[in-house]
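These are the residues of each chain, in order.
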Amino acid sequence: MLLIHLLLEGILLGILLVLACASGIRGGAVGMVHLYHKDVQKRCVELGLTTEKNIRRRALLMKLCTVVYLAVLLPCVLVVNKARGFFEMCWQMTVILLIVNLIDRLLIDEFWVGHTKAWIIPGTEDMMPYISSRDKAFKWVGGIVCSSVAAAIFAGIMTLFGF
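Only a predicted model underlies this, so the values are computations on that prediction, with no experimental measurement involved. (Residues numbered from 1 in each chain as written. Predicted model: local features only at pLDDT ≥ 70, side-chain atom pairs only at ≥ 80, totals over all residues. Heavy atoms only, no water.)

### Considering the overall build of the protein
As a reminder of what qualifies: Per the convention used, a helix needs a DSSP run of H or I reaching at least four residues, while a strand needs a run of E reaching at least two, with both numbered from the N terminus. Think of it in three bands: with a 1.4 Å probe and only protein chains considered, a residue is buried below 20% of the maximum accessible area for its type, exposed above 50%, and partly exposed in between. Working rule for contacts: check all heavy atoms of both residues, and any pair within 4.5 Å makes them a contact.
Helix and strand counts for the protein come out as five helices and zero strands. Its helices and strands taken in sequence order, the protein reads α-α-α-α-α from the N to the C terminus. Across its three principal directions, the C-alpha atoms of the protein cover 55 × 30 × 25 Å. Looking at the 163 residues of the protein, the share that counts as buried comes to 37%. In the protein, the share of contacts with a sequence separation of at least 24, taken over all contacts with a separation of at least 6, comes to 74%.

See the structure below:
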């Protein structure tokens, strides 16, 4: 039963990520250009599609989504799953974050960005693919490592607070 909870919680956080991305590109993919390489960002500024200030602002907004993730992740693990102790909290958060990472890598990066036109920014088509093979490898490894490290940090903090 716990594994089903973890799967559903990971999917819930994955849906939140998809919604954040959909919201970001609702006026065009340039709305999420902060996720693209610097050369693509520079081209968008040169083309007058956005400004450096707007790119920084949107990047900050995306970072604030991390707070929303914590606002969902921690209650899932602590309240719904009733996890107590460092190791129990850590492995549960790791599993949930790894599921989100899978959704990000496969659904968003591979399918949505890689195989649809939704993320194409006019005037930058010559810079495609936006996510190179090297980027993908880095994101896979980084996602796994960051999920584990973040889970350990949050579990450690929660342990200090007596959970």
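### Here we look at a nonpolar patch on the surface
What counts is decided by this rule: Only residues whose relative accessible area exceeds 30% and that form no salt bridge are eligible for patches; like-charged ones are grouped when within 9 Å, while nonpolar side chains (Val, Leu, Ile, Met, Phe, Trp, Tyr) are grouped when within 5 Å. Residue burial considers only the protein chains on display, and all accessible areas are found by Shrake-Rupley using a 1.4 Å probe. We define a salt bridge as a side-chain nitrogen of Lys or Arg found within 4 Å of a carboxyl oxygen belonging to Asp or Glu.
A cluster of nonpolar side chains, L102, L106, W140, V141, I144, V145, V149, I153, I157, F161 and F163, forms an exposed patch at the surface whose accessible area comes to about 990 Å². Listing elements by their share of the nonpolar patch, those giving two or more residues are helix 4 (86-115) and helix 5 (133-160). Exposure remark for W140: the relative accessible area of 31% places this residue in the partly exposed category.

### Topic: helix 2 (residues 38-46)
The condition is simple: Note that the arc is defined by the directions from the helix axis to the C-beta atoms.
Those residues of helix 2 that sit buried are V40, Q41 and C44. In an axial view of helix 2, the angular spread of the buried residues amounts to 100 degrees, which keeps them on one side of the axis. When the buried face of helix 2 is taken as reference, the exposed residues oriented beyond 90 degrees from it are K38, K42 and E46. Those residues of helix 2 that are buried are in contact with helix 3 (52-80). Immediately beyond the C-terminal end of helix 2, within one or two residues, lies G48, with a positive phi of roughly 80 degrees.

### Topic: the pattern of salt bridges
Under the counting rule described, the total for this entry stands at six salt bridges. One salt bridge in this structure joins R43 and D126, with 2.8 Å as the shortest N-O distance. With a gap of 83 residues between them, R43 in helix 2 and D126 in the loop between helix 4 and helix 5 connect regions that are remote in the sequence. In this structure, K139 engages D109 in a salt bridge whose closest nitrogen and oxygen atoms are separated by 2.9 Å. Of the two residues, K139 sits in helix 5 while D109 sits in helix 4, which places them 30 residues apart along the sequence. Judged by its relative accessible area of 28%, K139 is partly exposed. For D109, a relative accessible area of 8% translates into the label buried.

### Here's the deal with unusual backbone geometry
With omega at 0 degrees, the peptide bond leading from M128 into P129 counts as cis. Residue position: P129 is located in the loop between helix 4 and helix 5.

### Regarding the packing of helix 4 against helix 5
Test applied: Only the stretch in contact is used when a helix axis is fitted, and all axes are lines through C-alpha atoms; the angle between N-to-C directions ranges over 0 to 180 degrees. To sort the angles, those under 35 degrees are grouped as roughly parallel, those over 145 as roughly antiparallel, those from 65 to 115 as roughly perpendicular, and the leftovers as oblique. Crossings are assigned a handedness: left-handed for a near helix turned anticlockwise from the far helix by less than a right angle, right-handed for a clockwise turn.
The contact between helix 4 and helix 5 brings their axes to 8 Å, and the two run at 150 degrees. Between helix 4 and helix 5, the interaxial angle falls into the category roughly antiparallel. Of the two possible hands of crossing, helix 4 and helix 5 adopt the one that is right-handed.

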